[in-house]
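So the chains spell out like this:
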Amino acid sequence: MIDSELLPKDGDILKLNDAEISYFESFFTAREAQAIFNQLLHETPWQQDPITVFGKTYQQPRLTALYANNTKPYTYSGITMQPKEMTPLLREIQNKIKLVCEASFTTVLLNLYRDGKDSNGWHADNEKELGKNPIIASLSLGENRLFHLKHRRNKEDRLKLLLKSGSLLIMGGATQEHWLHQISKTAKPVKPRINLTFRKIL
């Protein structure tokens, strides 16, 4: 059972059952991460969509934006997002990710967690348009937040990973089939965090 905050070194592959996850703590330097964060925070046309969970509809507890190098929409939890054209900054980030990940990403979903009340509940990135065993590359900017993972069947397999600003987390293999993940709410005073999740829409 893994149930404590884990601080792996750059490029570490996390030893989890039924998962392929690697973590790069300093993918961008602190200065680079702050500059990217500031630009995205002020230039992104953030939106807040209503989301339906277990038959109840409410405002999604975070702001989002979708960009892609094509026009394919992305649908999750009853929300269908139409992408905007990938910006030069997002293309630059994607090209750097290609240096450590061979996936051919088409789309990036941006999430803005404004404070500790903003969250993303337990889920897997397993929508049909992502195909079988999708690779998800997740870049964190701004405030550090805890990333929770739990195995769908083996209840003792759990993990809390502190995602630092400038870090990159890559989830591949059968991770989305066997594991759920979340960014939970926190009562601690926290500053805004932006998360970029690159993926391929088939």
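All values derive from a computational prediction rather than experimental measurement. (Residues numbered from 1 in each chain as written. Predicted model: local features only at pLDDT ≥ 70, side-chain atom pairs only at ≥ 80, totals over all residues. Heavy atoms only, no water.)

## Focus on the confidence of the model for the protein chain
Phase 1: Mean pLDDT over the protein chain works out to 92, with 95% of the residues at or above the 70 mark.
Phase 2: Contacts from residues 1-9, a stretch scored under 50 in pLDDT, to residues over four places away or in other chains number 24 contacts. (pLDDT = per-residue confidence, 0-100. Contact = heavy atoms within 4.5 Å.)

## Quick look at the pattern of salt bridges
Phase 1: Taken as a whole and judged by the stated rule, the model has five salt bridges.
Phase 2: The salt bridge involving glutamate 85 is made with arginine 91; its shortest N-O contact spans 3.6 Å.
Phase 3: Among the residues examined, arginine 91 registers a relative accessible area of 38% and is labelled partly exposed.
Phase 4: Its salt-bridge partner being arginine 114, residue aspartate 118 comes within 2.7 Å of it at the nearest N-O pair.
Phase 5: Relative accessible area serves as the criterion here: at 4%, aspartate 118 is assigned to the buried category. (Salt bridge = Lys/Arg side-chain N within 4 Å of Asp/Glu carboxyl O. Buried < 20%, exposed > 50% of the residue type's maximum accessible area, 1.4 Å probe, protein only.)

## Side note on unusual backbone geometry
Phase 1: For aspartate 18, which is not a glycine, the phi torsion comes out positive at approximately 60 degrees.
Phase 2: With respect to the helices, strands and loops of the structure, aspartate 18 is situated in the loop between strand E2 (12-14) and strand E3 (20-24).
Phase 3: According to the relative accessible area criterion, aspartate 18 is partly exposed, its value standing at 37%.
Phase 4: Unlike most non-glycine residues, asparagine 133 shows phi in positive territory, near 50 degrees.
Phase 5: Secondary-structure assignment places asparagine 133 in the loop between strand E11 (120-123) and strand E12 (136-142). (Helix = DSSP H or I, 4+ residues; strand = E, 2+ residues; numbered from the N terminus.)

## Description of the nonpolar core
Nonpolar side chains tend to gather and get buried jointly when the protein is soluble and globular.
Phase 1: Ranked by size, the top nonpolar core spans 30 residues in total, and within it Leu40, Ile93, Ile97, Leu110, Leu141 and Leu196 carry the most contacts.
Phase 2: Elements supplying a minimum of two residues to this core: helix H1 (30-43), strand E6 (63-68), helix H2 (88-97), strand E10 (107-113), E12, strand E15 (168-172) and strand E17 (193-199).
Phase 3: By size, the runner-up hydrophobic cluster in this structure holds 16 residues, among which are Leu14, Ile21, Leu149 and Ile183. (Core = buried A, V, L, I, M, F, W, Y, C linked by side-chain atoms within 4.5 Å.)

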